[in-house]
Amino acid sequence: ESFKAGANPGITEFVGTAIGDTIGLVIANVDPILHAKMKLDPKYRSIGILGARTGAGPQIMAADEAVKATNTEIVSIELARDTKGGAGHGSLIIFGAEEVSDARRAIEVALKEVGRTMGDVYANDAGHIELQYTARASHALVKAFNAPAGKAFGLAVGAPAAIGVLMADVAVKTANVEVVGYSSPASGTSFSNEVIIMLSGDSGAVRQAVIAARETGRKLLETMGGAAASATTPYI
Amino acid sequence: ESFKAGANPGITEFVGTAIGDTIGLVIANVDPILHAKMKLDPKYRSIGILGARTGAGPQIMAADEAVKATNTEIVSIELARDTKGGAGHGSLIIFGAEEVSDARRAIEVALKEVGRTMGDVYANDAGHIELQYTARASHALVKAFNAPAGKAFGLAVGAPAAIGVLMADVAVKTANVEVVGYSSPASGTSFSNEVIIMLSGDSGAVRQAVIAARETGRKLLETMGGAAASATTPYI
Amino acid sequence: ESFKAGANPGITEFVGTAIGDTIGLVIANVDPILHAKMKLDPKYRSIGILGARTGAGPQIMAADEAVKATNTEIVSIELARDTKGGAGHGSLIIFGAEEVSDARRAIEVALKEVGRTMGDVYANDAGHIELQYTARASHALVKAFNAPAGKAFGLAVGAPAAIGVLMADVAVKTANVEVVGYSSPASGTSFSNEVIIMLSGDSGAVRQAVIAARETGRKLLETMGGAAASATTPYI
């Protein structure tokens, strides 16, 4: 009765897994009663499900690429307080689609993208920092962070939250960017130990701001807990 | 000054411990000022206290058996975000009683039951699933989950939450059951990385739905993180 | 590009670190847009930042000494659900100052005090207890706990929360103290697995109440998880 890690579970709805204990699933026809309880838009009978123990930003960025590439919409984004004893979030992202093939394609794209969007996550025993950047924000970033659609978007996260405050200050002083949002343990997070700054504006400026935050954040984090390598490969 | 684990602490109020870092205590006469701050019903001067680091469902199910068996009521049920780095909840359950002997008996019953109600908890490094079932819901299940009193009740939990979504869909499609509740990281949980479905109805149907959710959830969880054995002995 | 733990990161804003993954930082002139997003009082252009993965009580007590000793104010206190898989909080405390030298001095005092205020934290694998006491509450304790300014203040924390309930009862029965507050997983905490009682009144009575809670809490915690030593050196 027991299954091996990584093996296909032999379940039609299973799409795949990725770093961060990320799992991707689809449901072709959500049960109507469950559909109502989940408060899904009636026009989507099929859903894609992207969930993770570690990471919200990487999965949201990945979902943003997935909605750009497929005929789907982001129905809901929920942030758990998780990361398996770490300072941040896990995530549950639901895509809506009229056809299950679209939902499956969105999940496939997202699972593949998570490897890239984990690239500017740096962690050690003391905490983590995370940077994200895209030249063009789409539906997932609008939904999660109120990002202006179609414009460049970036975010910088520091944990413990104190590091994030300084990263935010460095980011906004570095380049002429618009501050779309600021989240902290008691406001805008699920009580994670993070400060998050969300930036929009000219693509060069947003990228420059995020890179400056990364340099400062990484130095502080490594002063606290030693070397903090990229979770995969830096992409910004 | 230091005490050994498992030894009796020599404190009158101590009743015992159980799996999940569960502890049971009683207070014969709660201090009146504290009584008011805790917003306890004035008619109960004695309380029983059941608390745990790991688990809310198992302790609530155990408390349900305890109120059936004793002259007590459930005063409050609070869910902490805990499980010691895991994806779920810890719990704090307060019983009210007119006599401390009743409170003590309720805690004794609950501590004993927790061993059984942990039986359909399956965990590995990636997360956990949990199933519960009773032929007759009593006060604790009414209080915690809005379960219809006296009817069969079941719940299915998946963590990371994505697994719980599919378990919920499988459960409601398997048998003709009523969906009493649906909780997710941002709604109805304490930001745990879980989706929880609560079911009521015909006892055979509820049991069948819960078992189907278990089969699907366990396969997905084991695909992510390898073998996930029962925490004690399966009971459903 | 990688820095060693404990080394100075070569960043002007860095002040130092302390136990509990505590970090202290200052910003001389907070960026005006960030200043607005953080909802800081316009009169403070300089801020001090004290953040930690493990501990809120110890850092708040330390901040209280820091505001007494410097020309600063407590701007905000936020509690993350953290402690790195433990049952309690991390923290983010912001000091406001007109001059950055004042902010820096406050953070220096606070970092030094954290060593002392961690003295009555006792932890093992099952959970932790924490006691705090001061003869005279100042701005940080007023802000965080609604403590009456200038009067003796104490707090007792037990985790899992069940232990905290009994500690609270013992504390208020031991001496004639005023109960300033009572927090639990679902009320007044960030869903931590703690019960916290906050006490004010005559300094001898408050101290006596806190010490009695410590004796009971430590016995229960050690019954659950074995020896629970002080994190540094007991001070109460």
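This report concerns the structure included in the present document. Please read all numbers here as calculations on a predicted model, not as lab measurements. (Residues numbered from 1 in each chain as written. Chains lettered and ligands numbered in written order. Predicted model: local features only at pLDDT ≥ 70, side-chain atom pairs only at ≥ 80, totals over all residues. Heavy atoms only, no water.)

1. Observations concerning the overall build of chain A
To keep it simple, the criterion reads: By the criteria applied, helices consist of DSSP H or I runs no shorter than four residues and strands consist of E runs no shorter than two, each listed in order from the N terminus. We compute the radius of gyration over the C-alpha atoms and compare it with the globule rule, which gives 2.2 Å times the number of residues raised to the power 0.38. Exposed residues in this analysis have more than 50% of their type's maximum accessible area, buried residues have under 20%, and partly exposed residues fall in between, with area computed by a 1.4 Å probe over protein chains only. The Shrake-Rupley method, run with a 1.4 Å probe sphere, supplies the accessible areas, and residue values consider only the shown protein chains as cover.
When its secondary structure is counted, chain A shows six helices and ten strands. For 236 residues, the compact-globule estimate of 2.2 N^0.38 gives 18 Å, and chain A sits close to it at 18 Å. Projected onto its principal axes, the C-alpha coordinates of chain A cover approximately 50 × 40 × 30 Å. Out of the 236 residues belonging to chain A, those deemed buried represent 65%. Accessible surface for chain A amounts to roughly 7,800 Å². Of this, 48% is attributable to carbon and sulfur atoms.

2. Remarks on the sheet that holds strand β7 (residues 127-134) of chain C
All names here are of chain C. Counted only if it meets this: Any two strands with at least two DSSP bridges between them are considered paired. Only the contacting stretch of a helix is used when fitting its axis, a line to C-alpha atoms as for every element, and angles between N-to-C directions run 0 to 180 degrees. In this description, contact between two residues means that some pair of their heavy atoms is separated by no more than 4.5 Å.
Here we have five strands laid out as an open sheet, ordered β6-β7-β8-β10-β9, and antiparallel in their pairing. At either end of the open sheet lies a strand with only one pairing partner, and these are β6 (121-124) and β9 (178-183). Each adjacent strand pair in this sheet contributes to an overall mean axis angle of 10°, direction not counted. Pairing between β7 and strand β8 (residues 152-159): seven bridges, direction antiparallel. Paired with Gln 132 across the bridge in β8 is Leu 155. This element, helix α2 (residues 57-69), spans β6 and β7 of the sheet and lies at about 20° to β7.

3. So, the environment of Val 109 of chain A
Residue and element names in this part refer to chain A. Topologically, Val 109 is positioned in helix α3 (residues 100-117). Separated by 15 residues in the primary sequence, Val 109 and Ile 94 have C-alpha atoms spaced 14 Å apart. Those residues in contact with Val 109 that sit more than four places away from it in its chain are Glu 65, Ala 66 and Ala 69.

4. Notes on the interface of chain B and chain C
Let me state the cut-off plainly: Accessible area that two parts lose when put together, evaluated with a 1.4 Å probe and summed over both, is termed the buried area. Should a side-chain nitrogen of Lys or Arg be within 4 Å of a carboxyl oxygen of Asp or Glu, the pair is scored as a salt bridge. Pairing of N or O atoms within 3.5 Å defines a polar contact, subject to two protein rules: one partner must be a possible hydrogen donor and the other a possible acceptor, and residues neighboring in sequence count only if both atoms are side-chain atoms. Residue classes follow a fixed rule: Ala, Val, Leu, Ile, Met, Phe, Trp, Tyr, Cys and Pro count as nonpolar, while Asp, Glu, Lys and Arg count as charged, and any other residue, Gly among them, counts as polar.
Across the boundary between the two partners, chain B contributes 43 residues, which contact 40 residues of chain C. Interface of chain B and chain C: buried area, both sides summed, is about 3,200 Å²; carbon and sulfur atoms make up 65% of it. Summed over the shared surface of chain B and chain C, the number is two salt bridges. The salt bridge partner of Arg 81 of chain C is Asp 82 of chain B, with a shortest N-O separation of 3.7 Å. Seen at the junction of chain B and chain C, the total is twelve residue pairs in polar contact (both at pLDDT 80 or more). Of all the secondary-structure elements, those providing two or more residues to the side of chain B that touches chain C are β1 (14-18), β2 (22-27), α1 (32-37), β3 (46-52), β4 (73-81) and β5 (89-97) of chain B. Tallied by class, residues from the side of chain B that touches chain C come to 21 nonpolar, eleven polar and eleven charged.

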